[in-house]
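Structural overview
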Amino acid sequence: MKKRTIYIATALLLLILMGSMILVVQLLEATYHAEQNKDFQQLLEVHGSQIQLQINRSLSAGLALSMLIHQNNGVVPGFSSLSENMTKIYSGIDSIYLAPGGLVSQAYNPDSGQSFMGINVFEHPAYAQTARTARDEHRMILSAPVRTSAGQSGIMGWQPVYLLTPDQQEYFWGFVLITLDFSDLTQVGSLANLREHGLNYELTFEDQLTPYSGLVDAVSPTRLQNPIRHIFTVNNLQFTLSAAPSAGWKTSPGYYPGLAVALLSSIFISFLVYRLLTQSRQIAQTNITLKSEVAKRQALTDMERISRNLAENRLSELQSLQSLSSVLNHAATLNQTLQEGLGVIRIQFQADAVWVILFQVNQNPTLAAVLPEGLTPHIRDEHLCACSHTHLSENFHNGTPVPPYLVESCALLRHLFPDQPENWSHMTFPIQTGDRPLGLLNLMRPRSLPFSAEDITRVQSLCAPFAVAIERARLFEEVHRLAITDPLTGAYNRRYFLDQAAQECQRAQRYRHAVSLIMMDLDHFKQINDSFGHTAGDQVLRFVIAACQENLRAADLLARFGGEEFIILLPETPLEQAQLIAERIRQSIVPAQVITSEGPVQVRVSLGVASSDENAWLIDDLIKRADQALYQAKTLGRNRTQVWMPILTSDSAPSETTG
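Now for a look at the structure at hand.

Procedures and definitions
- Residues numbered from 1 in each chain as written.
- Predicted model: local features only at pLDDT ≥ 70, side-chain atom pairs only at ≥ 80, totals over all residues.
- Heavy atoms only, no water.
- Helix = DSSP H or I, 4+ residues; strand = E, 2+ residues; numbered from the N terminus.
- Buried < 20%, exposed > 50% of the residue type's maximum accessible area, 1.4 Å probe, protein only.
- Contact = heavy atoms within 4.5 Å.
- Areas by Shrake-Rupley, 256 points an atom, 1.4 Å probe, with all protein chains shown as cover.
- Phe/Tyr/Trp six-rings, centres within 6.5 Å; stacked < 30°, edge-to-face > 60°.
- Lys NZ or Arg CZ within 6 Å of the ring centre and 35° of its normal.
- Polar contact = N/O pair within 3.5 Å; in protein donor to acceptor, adjacent residues only side chain to side chain.
- Core = buried A, V, L, I, M, F, W, Y, C linked by side-chain atoms within 4.5 Å.
- Expected span 1.5 Å × (residues − 1).
- Bend = angle between axes of the 7 residues up to and from the residue.
- Axes fitted to C-alpha atoms, helices over the stretch in contact; angles between N-to-C directions.
- Parallel < 35°, antiparallel > 145°, perpendicular 65-115°, else oblique.
- Left-handed = near helix turned anticlockwise from the far one by under 90°.
- Nonpolar A, V, L, I, M, F, W, Y, C, P; charged D, E, K, R; others polar.
- Pairing = 2+ DSSP bridges.

Another point: the overall build of the protein chain. Tallying secondary structure elements over the protein chain gives 16 helices and 22 strands in all. Counting only residues that meet the buried cut, the protein chain has 44% of its 659 residues in that class. Expressed as a percentage of contacts within the protein chain between residues at least 6 apart in sequence, the contacts between residues at least 24 apart total 62%. With the model as given, the accessible surface of the protein chain reaches about 34,000 Å², and the carbon-plus-sulfur share is 54%.

The next thing to look at is the packing of aromatic side chains. For the structure shown, the criterion picks out eight aromatic pairs. Measuring from ring centre to ring centre gives 5.3 Å for Phe 232 and Phe 239, while their planes differ by 10°; the resulting arrangement is stacked. Ring centres 4.6 Å apart and planes at 35° place the aromatic pair Tyr 492 and Tyr 496 in the tilted group. Given a relative accessible area of 30%, Tyr 492 falls into the partly exposed group. Aromatic ring contacts, followed pair by pair, group Phe 122, Tyr 127, Trp 158, Tyr 162, Phe 172 and Phe 175 into a single cluster. When the ring centre of Phe 451 is taken as reference, the NZ or CZ atom of Arg 445 above it lies at 4.4 Å. When the ring centre of Phe 561 is taken as origin, the NZ or CZ atom of Arg 494, which lies over that ring, is 3.9 Å away.

By secondary structure assignment, the location of Arg 445 is in strand 14 (residues 436–446). A polar atom in the side chain of Arg 445 sits 2.7 Å from the backbone oxygen of Leu 449.

Let's shift gears to the nonpolar core. Residues Ile 55 and Phe 239 are the most contacted members of the largest nonpolar core, which totals 49 residues. Excluding residues within four positions of it along the chain, Phe 239 makes contact with Ile 55, Ile 155, Phe 182, Leu 203, Thr 204, Phe 205, Val 216, His 230, Ile 231, Phe 232 and Val 234. Counting 29 residues, the second-largest nonpolar core is a separate cluster that includes Met 520, Val 544, Leu 552 and Ile 568.

Let us now look at helix 11 (residues 453–484). Under the 1.5 Å per step criterion, the end-to-end length of helix 11 is 47 Å for 32 residues, consistent within 8% with the ideal 46 Å. The sharpest bend along helix 11 comes to roughly 25°, located at Cys 463, with the proline Pro 465 sitting one to four residues further on.

The N-to-C vectors of helix 1 (residues 3–71) and helix 11 enclose an angle of 20°; their axes lie 10 Å apart at closest approach. Between helix 1 and helix 11, the angle is such that the two are roughly parallel. Judged by the sense of rotation from one axis to the other, the crossing of helix 1 with helix 11 is right-handed. Taken together, the residues of helix 11 that come into contact with helix 1 (itself represented by Leu 53, Arg 57, Ala 64, Met 67, Leu 68 and Gln 71) are Val 468, Glu 471, Leu 475, Phe 476, Val 479, His 480 and Ala 483. Classifying every residue of the contact of helix 1 with helix 11 by side-chain character gives nine nonpolar, two polar and two charged.

As a further point, take the pairing of strand 6 (residues 199–207). With nine bridges connecting them, strand 6 and strand 9 (residues 237–245) associate as antiparallel partners. For Leu 199, the partnering residue across the bridge sits in strand 9 and is Pro 245. The loop that links strand 6 with its antiparallel partner strand 7 (residues 213–219) comprises five residues.

All right, on to the packing of helix 12 (residues 494–511) against helix 16 (residues 619–635) then. Axis separation between helix 12 and helix 16 bottoms out at 9 Å; the angle between their running directions is 105°. Relative to helix 16, the element helix 12 lies roughly perpendicular. Each of Leu 498, Ala 501, Ala 502 and Cys 505 in helix 12 lies in contact with helix 16, whose residues at this interface are Ile 619, Leu 622 and Ile 623. Of the residues contributing to the contact of helix 12 with helix 16, the split by class is seven nonpolar, no polar and no charged.

Let's shift gears to helix 8 (residues 334–348). The first and last C-alpha atoms of helix 8 sit 21 Å apart over 15 residues, in line with the 21 Å expected at 1.5 Å per residue. Looking one or two places after helix 8, you find Gln 350, whose phi comes out positive at around 50°.

Next up on the list: the sheet that holds strand 1 (residues 93–100). The strand order 2-1-5-4-3 describes an open sheet built from five strands, whose pairing is antiparallel. The open sheet has two free edges, formed respectively by strand 2 (106–108) and strand 3 (141–147), since each of these has just one partner strand. Between one strand axis and the next, the sheet turns through 20° on average, direction left out of account. For strand 1 and strand 2, the ladder comprises three bridges, and the chain directions are antiparallel.

Below, the discussion takes up the environment of Gly 562. Inspection of the secondary structure assignment puts Gly 562 in strand 16 (residues 557–562). Residue Gly 562 is classed as partly exposed on the basis of its relative accessible area of 35%. Spatially, the C-alpha atom of Gly 562 lies 9.6 Å from that of Asp 521, the residues being 41 residues apart in sequence.

Listed below in structure tokens is the structure:
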């Protein structure tokens, strides 16, 4: 080969190598930026999910209130105290309004109060479209931006409420309006942490039903250059969290050295090829270059394998979260939430046993749920070594953050497996909403199947939705309790009594069991209120309820029927036994003096007793008879127990018992 040909071939080879090397460096640089973008994207997803979760959790207060309004047929007992409790439970709530028929008539705002009062949302130009949309689509609609009581921007959730007419026709009652403060949401989402990672950010929203859009929060002295974005949606609002490095996108530390190496390598390889064409000894140098390429490819293969493992772990975590969320979304009560949630966790992590310890206000931690259920009788307080009897639970209950904790010396394992406790492993995880501890999740499985770092991460990711579900179930049960009880005496209210009593009467008629009813009224109660005051009168009512409960069975149903009148249903109780129970109640009340804040008060009661027969199986019939007997007791001089009889004549005196 001629020297000129060798020079031309070497020059062409040099150009090809230089282009190839530069392309490799660019590809490596692109990989570097892709990894950097992936890390930042995951960071945005975490903060965006925290904001989305907080918005949904705070807006669930509107759903809870709408359920309470539905159960109470359009009435919210104790609206101010209930709203105050909700603002404590759900951080981020600024204001709560009730708008029956669209007219804002009740409001709760812990700061200022009544700026929204008196507005008819269907007539107000700023709110009419949102109100009509929420009413017509039967779902919560969000509007933004709105001004909060502190003068900040925020979100307003419009929760429509529908009630049923007596003929079961649905009609629109009004709205429950919940206002959230943007600043509280960004604080919960810890957006300020993005600055610690060297990122400028901005959070914007866009209403998908209207042309409204706006800026929620931003830390960006200039417009973001080539930002990465995370988009999430809450109802009709679409939020976009964007971020970019505050110092701009930079090249990797090895970019320019890589270019230099690429150029030098190209020249060097060209020189080696030139030498190969001229000298046979350059073959060995070519073999070295080939081995270097093989090593690079092996490194890329290893990187792909690691990336694939990380992706599989992330997929497993998301599948676990989806399974748990699917189960918890259908659970209504606290016990159902705990049992079904623990069932999913037990299966997902192959645990032999799982249990939850819940914290109660001013109470010791309690064992709330155990799977399998057959293990419950074997677990007692003294065996809960990682809960109420160690510094772990005590510190967590007092607000000290607690990481997942592996219990090495476990009294519970020694109790359950006295022969081989060392063959088992016990792990405890904190359950909390925000900074408030709810309890501890415990998993136990054989030591041959240890808890890996991936297992711990997956369990931690499930604790947050599990905590939200527990908190939601607790709130639902509390709202239900408030809906069926009388707030003054703690007894059942009239509506709940009539519903339960009607079912009990139907059951008694089906199985031909006797059922009795007692109507009780306080004699001259108005005089007590006039003489001692309504506070003393309230204390007398609570005393009477306590006296009744001491003389009743767990199956008996006691309710405040109205004012100073009470009603008691006695299932599977004949008339004679009901008369004895009524007299025993009267005798427990009459001799005693009620010690009130205004002094001792003497209380007298009159009682009417009726029982079911072939002509009276309905609760309305029993109430009518018992009321007639009560009226007869009042007529005969009060302070007595009167039994209803079919015929009351001078020759057949009514059965009565007097004091």
